[in-house]
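Okay, here's what each chain looks like letter by letter:
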Amino acid sequence: FDQFDQELYQLSLTYDQGLPGNKTVEYPAQTVYNKFLDNDVTLANKNLKDLKITWNPKRIIFEDGSIEE
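Computed from a predicted model, the values in this text were never measured in an experiment.

Caption draft 1: Quick peek at unusual backbone geometry. The phi dihedral of Asp5 is positive, around 65°, even though this residue is not glycine. Judged by relative accessible area, Asp5 falls into the partly exposed class, the value being 47%. Its identity is not glycine, yet Asn22 carries a phi of approximately 55°, on the positive side. Residue placement: Asn22 occurs in the segment before α1 (38–44).

Caption draft 2: Up close: the side chain of Asp40. Take Asp40: it is sitting in helix α1. One buried charge, Asp40, has no salt-bridge partner; the nearest side chain with opposite charge is Lys35, at 12 Å. Here Asp40 is in contact with Tyr9, Val32, Tyr33 and Asn34, once residues within four sequence places are set aside.

Caption draft 3: Representation of the side chain of Asp2 within the structure. As for its placement among the helices and strands, Asp2 is situated in the segment before α1. Despite its burial, Asp2 pairs with no opposite charge, the nearest such side chain being Lys46 at 4.7 Å. A polar side-chain atom of Asp2 sits 2.9 Å from the main-chain amide nitrogen of Gln6. If near-sequence neighbours (up to four positions away) are discounted, Asp2 is found in contact with Leu8, Lys46 and Asp50.

How each quantity is defined
- Residues numbered from 1 in each chain as written.
- Predicted model: local features only at pLDDT ≥ 70, side-chain atom pairs only at ≥ 80, totals over all residues.
- Heavy atoms only, no water.
- Buried < 20%, exposed > 50% of the residue type's maximum accessible area, 1.4 Å probe, protein only.
- Helix = DSSP H or I, 4+ residues; strand = E, 2+ residues; numbered from the N terminus.
- Lys, Arg positive; Asp, Glu negative; His and termini not counted.
- Salt bridge = Lys/Arg side-chain N within 4 Å of Asp/Glu carboxyl O.
- Contact = heavy atoms within 4.5 Å.
- Polar contact = N/O pair within 3.5 Å; in protein donor to acceptor, adjacent residues only side chain to side chain.

As structure tokens, this is what we get:
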């Protein structure tokens, strides 16, 4: 989202490496940039400080096998 809460880009990711409790994990995700798509150009021209990232997991699988959806 930009600084005005307008959605600029949406990306689907799968992370299956495990997340330790109360820890931070870096995930170096990438996407393909297309200079002919307005959303891609807008995102590429934004400063990181002007972006707000929202993570909405669809499914969390816990170590005991239980699932939260």
